[in-house]
Protein chains: 2
Amino acid sequence: MTEVTSLRPGMRQLARSEALWRLSSVPFGRVVLTKHALPVIRPVSHILDGGRLIIRSPGGAAIVHSAASEHGSVLAYQADDIDAQARTGWSVVVTGLAELVGDPDEAEPYLRALDPWLSVGTGHIIRLEPEIVAGFELLPGG
Amino acid sequence: MTEVTSLRPGMRQLARSEALWRLSSVPFGRVVLTKHALPVIRPVSHILDGGRLIIRSPGGAAIVHSAASEHGSVLAYQADDIDAQARTGWSVVVTGLAELVGDPDEAEPYLRALDPWLSVGTGHIIRLEPEIVAGFELLPGG
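The sections below set out a description of the structure shown in this document. (Residues numbered from 1 in each chain as written. Chains lettered and ligands numbered in written order. Predicted model: local features only at pLDDT ≥ 70, side-chain atom pairs only at ≥ 80, totals over all residues. Heavy atoms only, no water.)

### As for unusual backbone geometry
Residue and element names in this part refer to chain A.
And then number 1: Of note in the backbone geometry, Arg 87 takes a positive phi value of approximately 55° without being a glycine.
And then number 2: With respect to the helices and strands, Arg 87 occurs in the loop between strand E5 (73-83) and strand E6 (88-100).
And then number 3: Looking at Arg 87, the relative accessible area reads 37%, which means it is partly exposed. (Helix = DSSP H or I, 4+ residues; strand = E, 2+ residues; numbered from the N terminus. Buried < 20%, exposed > 50% of the residue type's maximum accessible area, 1.4 Å probe, protein only.)

### A look at helix H1 (residues 16-24) of chain B
All names here are of chain B.
And then number 1: Taken together, the buried positions of H1 are occupied by Ala 19, Leu 20, Arg 22 and Leu 23. With its buried residues spanning 155° around the axis, H1 presents them on a single face. In H1, the exposed positions that point more than 90 degrees away from the buried face belong to Ser 17 and Trp 21.
And then number 2: Residues of H1 that are buried in the fold lie against strand E1 (11-13), strand E3 (38-49), strand E4 (52-58), strand E5 (73-83), strand E6 (88-101) and strand E7 (121-138). (Arc of directions from axis to C-beta. Contact = heavy atoms within 4.5 Å.)

### A word on the interface of chain B and chain A
The parts lose accessible area when they come together, and the size of an interface is often stated as this lost area.
And then number 1: At the junction of the two partners, chain B supplies 32 residues and chain A supplies 33 residues.
And then number 2: Summing both partners gives a buried area of about 2,900 Å² for chain B against chain A, and 71% of it is carried by carbon and sulfur.
And then number 3: Looking only at chain B, the three residues that lose the most surface to chain A are B:Pro39, B:Ile41 and B:Trp117, adding up to 22% of its buried area.
And then number 4: Between chain B and chain A we count four salt bridges in total.
And then number 5: Residue A:Asp80 is joined to B:Arg30 by a salt bridge in which the shortest nitrogen-to-oxygen separation is 2.9 Å.
And then number 6: Counting across the chain B and chain A interface gives six residue pairs in polar contact (both at pLDDT 80 or more).
And then number 7: Residue assignment for the side of chain B that touches chain A shows that the elements contributing at least two residues are strand E2 (28-35), E3, E5, E6 and E7 of chain B. (Buried area = accessible area lost by both parts, 1.4 Å probe. Salt bridge = Lys/Arg side-chain N within 4 Å of Asp/Glu carboxyl O. Polar contact = N/O pair within 3.5 Å; in protein donor to acceptor, adjacent residues only side chain to side chain.)

### Topic: the relation of the copies chain B and chain A
And then number 1: Each copy of the sequence occupies a distinct position, and chain B is placed on chain A by a rotation of 180° and an axial shift of 0.0 Å, giving an RMSD of 0.0 Å. Here the copies are linked by what is in effect a two-fold axis.
And then number 2: Most of the interface of chain B is mirrored in chain A: 100% of its interface residues are interface residues there too. (Least-squares fit on C-alpha atoms with pLDDT ≥ 70 in both.)

### Here's the deal with the side chain of B:His46
Residues and elements named next belong to chain B.
And then number 1: Considering the arrangement of structural elements, one finds His 46 in strand E3.
And then number 2: Looking at His 46, its side chain comes within polar contact range of the main-chain oxygen of Leu 23, at 2.8 Å.
And then number 3: A polar side-chain atom of His 46 sits 2.8 Å from a polar atom in the side chain of Tyr 77.

### Observations regarding the environment of B:Val32
And then number 1: Inspection of the secondary structure puts B:Val32 in strand E2.
And then number 2: Beyond its immediate stretch of four places on either side in the chain, B:Val32 contacts A:Val32, A:Pro39, A:Ile41, B:Val40, B:Ile41, B:Leu75 and B:Ala76.

### Observations regarding the pairing of E6(B)
Residues and elements named next belong to chain B.
And then number 1: In terms of burial, E6 is a largely internal element, ten of the 14 residues being buried.
And then number 2: Here E5 pairs with E6 via eleven bridges, running antiparallel. Directly across from Leu 75, in E6, lies its bridge partner Gly 96.
And then number 3: Hairpin connection, E5 to E6: the antiparallel pair is bridged by four residues, and Arg 87 has positive phi, about 55°. (Pairing = 2+ DSSP bridges.)

### Describing the pattern of salt bridges
And then number 1: This structure, assessed with the given rule, holds 20 salt bridges over all chains.
And then number 2: The closest approach of N and O atoms between B:Glu18 and B:Arg12, which form a salt bridge, is 2.9 Å.
And then number 3: The class for B:Arg12 is partly exposed, based on a relative accessible area of 31%.
And then number 4: What emerges from the salt-bridge pattern is a single network uniting A:Arg12, A:Glu18, A:Arg22 and A:Glu137.

Okay, here's the thing in structure tokens:
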């Protein structure tokens, strides 16, 4: 499912495949969750594996606990590459059910790939199935 | 109030005033809200006025309605300037009560200052009182 966002002239909506490709082209983004009913946002590094978003759970156990719950937890993840001077670039948001990768053998290559340089990373891997993918590009001169 | 985030060696926590100064040094960030119980994140441009964050409400009426409610609405806002290659930069998150600036005379200079180049902007201005300010800097070589 691709969410149609409101666009103005000078913005182009990205198709799902293009949005995921852009997301895979940058090393980090921002994970959004709810903690004690308050919105929380943290920059973390990510990779994509078979179209699924993989992050190392950031410091603080809330996200791990909610992802580990029986039905998972809905997370949003945003990445962009925007040149504010030129007013060009793109932004992508994926939303979907997050799950904890509990199998150590399955988690191990992800833990190696996701060096926690950007945030305090735990030893827990979160995998998100992008259900809603929304993205836009700012067109030059738009 | 400044939230103490988990930091690893090589990260330095920003004092509230420094975090707000960094925020004011960039033209855009990402607003986080909850819509139909789902987390939503959108890039928007911002300014700071007297220590308060001013944004133009992004396309979609949800944020306007929740900010216009009697008790306002808690929003989180994130901005960063991160060089993934050099692994340097900073990130700031402010969280607080958002309110709709309903007085047209008060809103007018903000609407002029906030050209909605980054998102479909409405004619509504949202003002956020930063209650929790959290920020870190990635130290070179850290």
